[in-house]
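Remarks on the overall topology
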Amino acid sequence: MKVCQIKFYFYPAAILVWATLLSSCRTEPSLERITTLASYDGNARFSPDGKTIAYITRQTGDPHVWIYDCDEKMSIPVTVNEGDDQDVVFLPDNERLIFSSRLAGRRDLWMVGTNDELIQLTKTDDVDESNPSLDGDSKILFIRSNASFAEICRLDIKFPAQVERLFRDSVPIANPIRLENKILFERYGSIYSYDGITAELFLSSARDLAVSPSGKYLAYTTDSSDNYSNPKIYIMSRKTQRRTFVIGGFSPSWSPNEETLLFSTSENWDVKIIDVETQKDSVLVGHAANDETPVFSPDGKKIYFSSDRSGRRGIYELDLSTGETNMVTDQDDYDPEVSPDGRELLFTSGRAHGLRSDKSLWTMRRESNGWSVAKFLVDGSGGQYSHDGQSVVYQFGNNIWMVNLKDSFCSEMTIDPRKEDHPSFSNDGGEIYFEADWAGRRSIWKIPRDGGVPSPVTRDKTPYGDDADAQISPDGLRITFTRSWYDDADIWLMSLSGGEKTTRTLSKDNTHQEKHGRWSADGKKVVFQFGGNTDVWKIKVIEILDLE
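All residue numbers here refer to positions counted from 1 along the written sequence of the relevant chain. Per-residue local features of the predicted model are confined to residues with pLDDT of at least 70, and side-chain atom pairs are confined, for both listing and counting, to 80 or more; whole-chain, interface and lining totals are unaffected and use all residues. Heavy atoms from the whole structure form the basis of all side-chain values; hydrogens and water molecules are not counted.

Looking at the packing of aromatic side chains
Aromatic rings from Phe, Tyr and Trp, taking only the six-membered ring of Trp, are treated as a pair when their centres fall within 6.5 Å; an angle between ring planes under 30 degrees marks them as stacked, one over 60 as edge-to-face, and anything in between as tilted. Under the definition given, this model contains ten aromatic pairs. When the centroid spacing of 5.2 Å and the interplanar angle of 35° are considered together, the rings of F167 and F185 count as tilted. Remark: F185 occurs in strand β18 (residues 182-187) and F167 occurs in strand β16 (residues 159-169); sequence separation between them is 18 residues. Exposure categories follow from relative accessible area, calculated using a 1.4 Å probe and restricted to protein chains: below 20% of the type maximum is buried, above 50% is exposed, and the middle band is partly exposed. F167 sits in the buried class, given a relative accessible area of 13%. Per the convention used, a helix needs a DSSP run of H or I reaching at least four residues, while a strand needs a run of E reaching at least two, with both numbered from the N terminus.

Right under this line is the structure:
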């Protein structure tokens, strides 16, 4: 075998993994996304023939079992019951599946048979059965537990009533796996082995252990922190005990040929910018904290956003020319907006002020020596300036309000008992756009600034769609908004003259929640936030560990 050295380079917008052979041969392991919807997808496992992947998803609400056809690149639901399904694994025939579910009350083991019928394998009233794994052609290991104990058990699916108890502990244990004559399992954040007599530490600070089909390699998740906030996947050769880092993620699972690993990954909310015409996007803020609700300054030189990177939500200023980020506030402040002259900052805050509401609007002025002390404006949230800078429209209670900044007079613009939200002015200031569920689902509406009858702007044709957070382009010809279909949210673009038929997706990433789109002053770019879901990926790995 050729000696290989793996190098890893990480960039905010993508992960590039290069493998460099010292013999001057170079390859690039492929990284493939298996699931794409903005919901939890995890616990992925290959079928023994490698043609199908079973996984758990929340895309329909409760966690259920789905399968992914590797040839057709298509996902298909397996369970649609009222239970809470977890821990799925294929049987050797590539057709039947074992999983745990709360379908009948406590968590029990179930099997999906060859005719898609559901077969209950275990039934107990005072314990839960979970974490099934194969232990031969027809036997499975699993955990049986309650608040007092945890056991590693085994059953033969041909005779499920005959359960063997192999190991008992008084503390939580999980994920038993057969490795030759031993059983490996998780206990207090580490992997232990049990040989039928004694349990011993096998691998410290590790979880999600996966043994390759030949038994030559181990893949596992580890983290330097105590709460696995930054999980990393490693593989280790059992022959040499040599180990190497693979990629950031968790819950690895081997393919039958040991060439690829399935794994899960999740990402924080970050700030991105997208070109409206080319739709090329890039990461502006890639901090590990939650960075949200970005907005351009009127001159396009700065971006303001909220972040919890200091431990508390505050407003930050990003200089696009230097890349420097400075904190403006940190008093539970969010949703910043900038006045048309660029000198005033408007934001929603949870800071105490003896108010009727736990959300209020505050302003700050940019002075020669920095920002002024924050000044209370009005109870409410989600405020936006008019284009002449003389009014602010906002949401309070269930309705849209407007405050005149000269005399602080407040006017209630909508009076419907259902909730209206995310108001914004048209660029000429004559209309107010907002979202409402008056048509049975959320869509964009508009109302004259001086009052009158609201009229619809968008009408979602699907029963699962919602439109929100409308923003008019500086030329007044286009509108951008957040559209949610099923469990995914994207930024959409629509011509105000051509109607719904001219709508197109501006952000095409179906793997994250994208929202809060805001225009640049020239109308050529939109800044928005994205991130925050868990997906299943597949990465190709290279045998580099069996070096003497």
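Let's talk about unusual backbone geometry
Positive phi values are uncommon outside glycine, yet S205 reaches one of about 50°. Structurally, the position occupied by S205 is in the loop between β20 (199-203) and β21 (207-211). Taking the relative accessible area as the measure of exposure, S205 reaches 41% and is therefore partly exposed. Positive phi outside glycine occurs at H516, with the angle close to 60°. Note that H516 resides in strand β50 (residues 515-519). Since its relative accessible area comes to 7%, H516 is described here as buried.

Thoughts on the sheet that holds strand β28 (residues 281-285)
If you trace the four strands from one edge of the open sheet to the other, you get β28-β27-β51-β50, paired in antiparallel fashion. In the strand order of this sheet, the two ends are held by β28 and β50, each with one partner. Recorded for the sheet is a direction-independent mean angle of 30° between the axes of neighbouring strands. For two strands to be treated as a pair, DSSP must find no fewer than two bridges joining them. Relative to β28, strand β27 (residues 270-275) runs antiparallel, the two being bridged by four bridges. Bridged to V271 within β28 is V285. Convention adopted: a line fitted to C-alpha atoms gives each axis, helices being fitted over their contacting stretch, and angles between N-to-C directions are expressed from 0 to 180 degrees.

Describing the pairing of strand β10 (residues 97-101)
Within a regular beta strand, the side chains point alternately toward one face of the sheet and then the other, so they alternate between its two faces. The buried fraction of β10 is high, at five of five residues. Judged by which residues are buried, β10 turns out to be covered on both faces: L97, F99 and S101 on one side and I98 and S100 on the other are all buried. Two elements, strand β9 (residues 86-90) and β10, share three bridges in a ladder whose sense is antiparallel. Counted as the bridge partner of V89 is I98 from β10. Taking the residues that link successive antiparallel strands as the turn, the β9-β10 hairpin has six residues, and the phi of N94 there is positive, at about 70°. Counted along the chain from β10 to the antiparallel partner strand β11 (residues 108-112), the turn is six residues long, and its residue G105 has a positive phi close to 115°.

What to know about the side chain of S237
You can see S237 is positioned in strand β23 (residues 232-237). For S237, a relative accessible area of 0% corresponds to the buried category. Here a polar contact is recorded for every N or O atom pair within 3.5 Å, except that within protein the pair must consist of a potential hydrogen donor and a potential acceptor, and residues adjacent in sequence are included only if both atoms are side-chain atoms. Of the polar contacts made by the side chain of S237, one reaches the backbone nitrogen of T240; its length is 3.3 Å.

Topic: the sheet that holds strand β5 (residues 41-46)
Read across the open sheet, the four strands follow the order β5-β6-β7-β8; overall the sheet is antiparallel. The strands lining the two open edges of the sheet, one partner per strand, are β5 and β8 (74-77). Adjacent strand axes in the sheet meet at a mean angle of 30°, parallel and antiparallel pairs treated alike. Bridge analysis of strand β7 (residues 64-69) against β8 gives four bridges, and the strand direction is antiparallel. By the bridge assignment for β8, W66 is matched with P77.

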